[in-house]
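A look at the structure
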Amino acid sequence: MDQFPNVDLCALPLSANPDGSPPNFDDPPSLQPILIALTAILLTLATVITAGRLYMNRNALKLADYCMIVGLAFDIGIASVLLASSNNYRHPWDTPICWYTTLTFVEVLVVGPALFFPKAAIFLFYLQIFSVNEVIRIGSKIGLVAAFLGYFPASFALIYYDAPHIGQTWEDVITSGYPEKGIPGGIAIGVASVIVDIYIFILPLPTIFSLNIARSKKIQLICLFTTAFFGIVASVTCLVFRVKLLGLDDIGWQSGRVAIAIIAENNVAIIVGSLPAFANFLRTYVSQATFYKSLRSKLSFGSSNYASDTDQHGLPRNRSLWTFGSPPKRQLQYHELSNSAILTSRVTVPDDVVIATHDTDRILRTVGFSQETRIGQLSEASTYESSLASYFSIQATSVRPACIVSPETAEDVAKAVRIMTGYKRYACPFAIRSGGHAAKANAANIEGGVTLDLRLLNSVDVSPDKLSVSIGVGNTWDAVYSKLDSMNLSVNGGRTAGVGVGGLILGGGISYFGTRYGWTADTITNYEVVLADGSIINTNVRENSALFWALKGGGNNFGIITRININAFAQGPFWGGFLYYPNTVWGNTVKEFVNINSATAYDEYAALTLSWGYSSSLGTLVACNMQYTTLVENPPLFAGLTGLPALFGNLQITNMTQFALGLRSQQVYGERQLWATNTFISTEASINATYRRFNESVQAFMPVANITVAYTLEPLPPALYARKVDNNPFNLGTKNQSLVIALFTASWTDPADDGRVEKTTRTLTSAIEEDTRRLGAYNPFLYPNYAAPWQNPIVSYGAESVGRLQKVARDFDPHGVFTRQVPGGFKLT
Ligand SMILES: Cc1cc2nc3c(=O)[nH]c(=O)nc-3n(C[C@H](O)[C@H](O)[C@H](O)COP(=O)(O)OP(=O)(O)OC[C@H]3O[C@@H](n4cnc5c(N)ncnc54)[C@H](O)[C@@H]3O)c2cc1C
């Protein structure tokens, strides 16, 4: 029923101007521009950050992610409605009555869900990451219920007052005075928002305060949550304006302010809720992106501006065998690549590189490279840079080979070996690289020589009976798992994405399945190897069995492995993940570690690492990485660890690919690295002693900028090392003792600190060696995949093994190509 049938509501203002001037419907002061600008900025940010979060979590989307998707959809909805109504955000004396539209109704329809879902997503996220912290768990559930009760009932009241009642038109709604009656409902929503936002902000703070970290770093961490503080500011502001609406004196202007505050509050909630996963996304994808890597390598080495020409794995699209690097001293720019520049620059061997025993340039000329070939290959210098940028440690990235060779087949490898070994007078030093994850600078790279980058040997073929997998050594383990997971199969391989197949197997290999099957190398049934004379052979229990034995721990001293056959087994998703604890529980974790690492009753489905860590950003923490490699959630075996009061964690049931990617996301890439190892008998006394030594060392590491150090204990029970004692050169015997492989890792950024880090690490590992000797727990074994540059793992296998390895080397590489011409890695002396 139209209450004013003969009145043109579009000619009348909502109220008279207090200063008596006529209405200005055409160009009045308005909050519209501010609203548009703020919405554009915040909504773009919220959408990009949420997209990054969803991409990061795409393989395991959780309820919190779905909730955030719904929240973003409602956020876009309310932003659209507010923008569409934004012409009304002006003084009422400049607003025609007829501008009241159904949009106001749509606004109240979506405002409740738009506010609720992003905050619900934050509570669900808290539940996810603080799942082991009872206070936060209960607190998050209370928050979820409170947010629901705070937003929805009041929204229903607003809907009631903003919709026409039976017999009314939409115009009647504005003249009936009903929307004004709904204002207290808006205030109730405003109060709920303030309470929920403050609650979201303070809920995790006690846990953060309980982290034992330097005060300055604690403040930095709190700063992350402080972004949420802006949400509180917005919701308080919104509440104030909602209250001002009660006065009804400048309703359009106040509504505009409320709209601005709603946009700010909503988008800040979405941004805050998605930031942690987005940060992970940046670390994982952007910092690994070719563009970023080449930018980084350009910044680090001041190299040239060649266009990127690599695929998503950082491998060359246009796959040529040889890629040349240029000397760090003088970088050729692309436009400088005239024939004469190439010929005079002698790019294959920098003039200033002293190579006493060979002349790489001459060797390369002998294989008949024409000028044109060189020009083509030089233009792929981005391939050279991206190969270098993909090493784990910045020390390895910094090594500048004269040339990087990227073979695609075993025959390519053989050809390259023949070239590099065939001219005795010019024998060229070279390096062998698979995943490039050895921390040591020259393990898989060589200054001024030729680096064989094997990453294009990346086939994964499952045998028809599904009992074996043929794997090219250039694969990373996550690539292998991603193929096998979909077939409910697995192999006894490495635990972290990015680590190469080639290097890990040559050092033995520790897997989550190790206590079921032994070292990774124990489960390899055949190696395809390129020998020093360029021949390609197979080694297995029947053919070349001495070499077969030597390769299971003997490193790169015998040949280049191009492909392996490894046992496959049925494997579905399983339970596992990390728990992080405050330092106070370290004693309890040690007890549990020793119990689980039983010599006689090791549960072969259990995998565990216990780490003590210090970083300048997080202070000291204790962390356990637990796995139970069958479908049992929260196995009782780990109850002693899962029952301890943890700070945060991510225990879940998932597959190997996801576990591997999860571990990779915790690694620090692009920094300086130093790894070292100890082995000792697993007793509480020996582990407690090492803990004390590690704690002492933290003081010495503290002055190092951006330092992260960790001491990780890995069980080495007979269930792992004694499965096939005669199968490998480790010589760990059949002692009925559980050992611990201890891995010390340090990462830092400033080369000026290298000396201090090395000295402190040497002191630490020597002190632990002394302590364990004193306690009768010392074991000489040094795990080659974790050993420091100054440690000698091969000697640690004992004289008998070394003698046997030397004989194999003499038999298969009589001229010592792989012990002398390949200087990287741990050598047989
Ligand atoms: C983040 C991270 C996680 C890790 N996780 C595990 C783990 O779960 N279990 C474990 O046991 N170890 C682990 N390691 C240690 C890892 O096994 C070693 O660093 C290993 O050397 C990496 O292999 P790669 O192929 O990436 O190494 P690269 O650096 O490419 O090579 C390492 C050495 O092996 C030689 N080599 C490589 N490929 C060949 C080949 N085809 N033929 C002959 N010689 C070759 C190289 O010349 C070099 O000396 C991890 C390391 C890192 C950095």
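Residues numbered from 1 in each chain as written. Predicted model: local features only at pLDDT ≥ 70, side-chain atom pairs only at ≥ 80, totals over all residues. Heavy atoms only, no water.

1. Section: the overall build of the protein chain
The helix and strand tally for the protein chain stands at 30 helices and 20 strands. The 829 residues of the protein chain split such that 58% are buried. Taking the intrachain contacts of the protein chain between residues at least 6 apart in sequence as the baseline, contacts between residues at least 24 apart amount to 77%. (Helix = DSSP H or I, 4+ residues; strand = E, 2+ residues; numbered from the N terminus. Buried < 20%, exposed > 50% of the residue type's maximum accessible area, 1.4 Å probe, protein only. Contact = heavy atoms within 4.5 Å.)

2. Considerations on the side chain of Ser511
Along the chain, Ser511 turns up in the loop between helix H19 (501-506) and helix H20 (514-517). Here the side chain of Ser511 touches Asn492 through a polar contact of 3.1 Å, side chain to side chain. Reaching out from Ser511, the side chain makes a polar contact with the backbone nitrogen of Phe513 at a distance of 3.0 Å. Here Ser511 is in contact with Asn492, Gly493, Arg495 and Thr520, once residues within four sequence places are set aside. (Polar contact = N/O pair within 3.5 Å; in protein donor to acceptor, adjacent residues only side chain to side chain.)

3. Considerations on helix H29 (residues 799-812)
In a regular helix each residue adds 1.5 Å, so 14 residues correspond to 20 Å; H29 covers 20 Å between its end C-alpha atoms and thus fits that length. Within H29 the residues assigned to the buried category are Ser801, Val802, Leu805, Val808, Ala809 and Phe812. Looking straight down H29, one finds its buried side chains confined to an arc of 125°; they lie on one side. Opposite the buried face of H29, at more than 90 degrees from it, the exposed residues are Ala799, Glu800 and Arg810. Of the surrounding secondary structure, the elements contacted by the buried residues of H29 are strand S9 (536-539), helix H21 (545-550) and helix H28 (793-796). (Expected span 1.5 Å × (residues − 1). Arc of directions from axis to C-beta.)

4. Looking at the pairing of S9
Of the two faces of S9, only the one carrying Ile537 and Thr539 is buried; Ile536 and Asn538 on the other face are not. Sheet topology note: the strand S8 (residues 524-530)/S9 ladder contains four bridges and is antiparallel. Counted as the bridge partner of Tyr527 is Thr539 from S9. Counted along the chain from S8 to the antiparallel partner S9, the turn is five residues long, and its residue Gly534 has a positive phi close to 90°. (Pairing = 2+ DSSP bridges.)

5. Things to note about the site of the ligand
Taken together, 32 residues surround the ligand, and among them Ile432, Ser434, Arg495, Ile510 and Tyr783 come closest. A distance of 2.6 Å separates an oxygen atom of the ligand from a polar atom in the side chain of Tyr783. Contact between the ligand and Asn785: an oxygen atom at 3.3 Å from a side-chain N or O atom of the residue. Considering the ligand on its own, with 950 Å² of exposed area, one finds that the protein chains cover 96% of that surface. Those elements that place two or more of their residues in the shell around the ligand are strand S3 (430-433), H19 and strand S10 (560-567). The leading source of residues in the shell around the ligand is H19, at four residues. Grouping the amino acids of the shell around the ligand by side-chain chemistry returns 16 nonpolar, 14 polar and two charged. (Near = heavy atom within 4 Å. Areas by Shrake-Rupley, 256 points an atom, 1.4 Å probe, with all protein chains shown as cover. Nonpolar A, V, L, I, M, F, W, Y, C, P; charged D, E, K, R; others polar.)

6. Section: empty space enclosed by the protein
Tallying each qualifying case throughout the model produces six cavities of 30 Å³ or more. Here the largest cavity is characterised by a volume of approximately 130 Å³. As for the largest cavity, its lining consists of 16 residues, and the residues nearest its centre are Arg495, Ile510, Ser511, Ala607 and Leu608. Within the residue set of the lining of the largest cavity, elements represented by two or more residues are H20, strand S13 (606-615), strand S14 (619-628) and strand S18 (708-716). The greatest single-element share of the lining of the largest cavity, amounting to four residues, is contributed by S13. A per-class count over the lining of the largest cavity returns eight nonpolar, six polar and two charged. No fewer than three residues from each of domain 3 (460-570 + 817-821) and domain 4 (574-798) sit in the lining of the largest cavity. (1 Å grid on protein atoms, 1.4 Å probe; cavity = no way out; pocket = protein on both sides within 12 Å on 5 of 7 lines; lining within 4 Å. Points joined across faces, edges and corners; volume = space filled by probe spheres on them. Domains from an automatic or database assignment.)

7. Observations concerning the packing of helix H25 (residues 684-701) against helix H27 (residues 754-774)
For the pair H25 and H27, interaxial distance at closest approach is 10 Å and the crossing angle is 160°. Of the possible angle classes, the one that applies to H25 and H27 is roughly antiparallel. Seen from above, H25 lies across H27 with right-handed handedness. Residue-level inspection shows Ser686, Ala689, Thr690, Arg693, Phe694, Ser697, Ala700 and Phe701 of H25 in contact with H27, the latter providing Arg756, Val757, Thr760, Thr761, Leu764, Ala767, Ile768, Asp771 and Thr772. Class assignment of the residues belonging to the contact of H25 with H27 gives a composition of eight nonpolar, six polar and three charged. (Axes fitted to C-alpha atoms, helices over the stretch in contact; angles between N-to-C directions. Parallel < 35°, antiparallel > 145°, perpendicular 65-115°, else oblique. Left-handed = near helix turned anticlockwise from the far one by under 90°.)

8. Observations regarding the UniProt feature "transmembrane region" (unreviewed entry) in the protein chain
Annotation from UniProt places "transmembrane region" (unreviewed entry) at residues 34-56, 63-85, 105-130, 142-163, 183-209 and 221-243. Taken end to end, residues 34-56 is 100% helix and 0% strand, and its two terminal C-alpha atoms sit 33 Å from one another. (UniProt positions renumbered as here; feature names shortened; annotations may be inferred.)

9. Quick notes on the pattern of salt bridges
When charged atoms on two side chains of opposite charge get close, those side chains can pair. Summed over all chains, the structure comprises 17 salt bridges. Across the pair Arg400 and Glu385 runs a salt bridge, and its minimum N-O distance is 3.1 Å. Highlighted residues: Arg400 in the loop between helix H16 (394-398) and strand S2 (403-405) and Glu385 in helix H15 (residues 381-389), separated in sequence by 15 residues. The exposure classification of Arg400 matches that of Glu385, with both residues buried. Measuring nitrogen to oxygen at the nearest pair gives 3.0 Å for the salt bridge that ties Arg773 to Glu769. Of this pair, Arg773 and Glu769 both sit in helix H27, four residues apart, which is roughly one turn of that helix. For Arg773, a relative accessible area of 47% corresponds to the partly exposed category. (Salt bridge = Lys/Arg side-chain N within 4 Å of Asp/Glu carboxyl O.)

10. Section: the environment of Thr683
Within the secondary structure, Thr683 is located in the loop between strand S17 (672-681) and H25. In this structure, the C-alpha to C-alpha distance between Thr683 and Leu775, residues 92 residues apart in sequence, is 9.5 Å.

11. As for the environment of Phe701
Here Phe701 shows up in helix H25. Through-space distance from the C-alpha of Phe701 to that of Ser616 is 9.4 Å; in sequence the pair is 85 residues apart. Those residues within four positions of Phe701 in sequence are excluded, and the remaining contacts are Ile707, Val709, Phe744, Val757, Thr760 and Thr761.

12. Notes on the packing of aromatic side chains
As enumerated under the stated definition, the model contains 38 aromatic pairs in all. Where Phe430 meets Phe818, the ring centres are 6.0 Å apart and the plane angle is 80°; that geometry is what we call edge-to-face. Taken together, the positions of Phe430 in strand S3 and Phe818 in helix H30 (residues 817-821) put the pair 388 residues apart, joining distant regions of the chain. Since its relative accessible area comes to 0%, Phe430 is described here as buried. Taken together, the ring pairs connect Phe392, Trp519, Tyr669, Trp675, Phe730, Phe781, Tyr783, Tyr786 and Tyr797 into an aromatic cluster. It is Arg804 that lies over the ring of Trp549; its NZ or CZ is 3.8 Å from the centre. (Phe/Tyr/Trp six-rings, centres within 6.5 Å; stacked < 30°, edge-to-face > 60°. Lys NZ or Arg CZ within 6 Å of the ring centre and 35° of its normal.)

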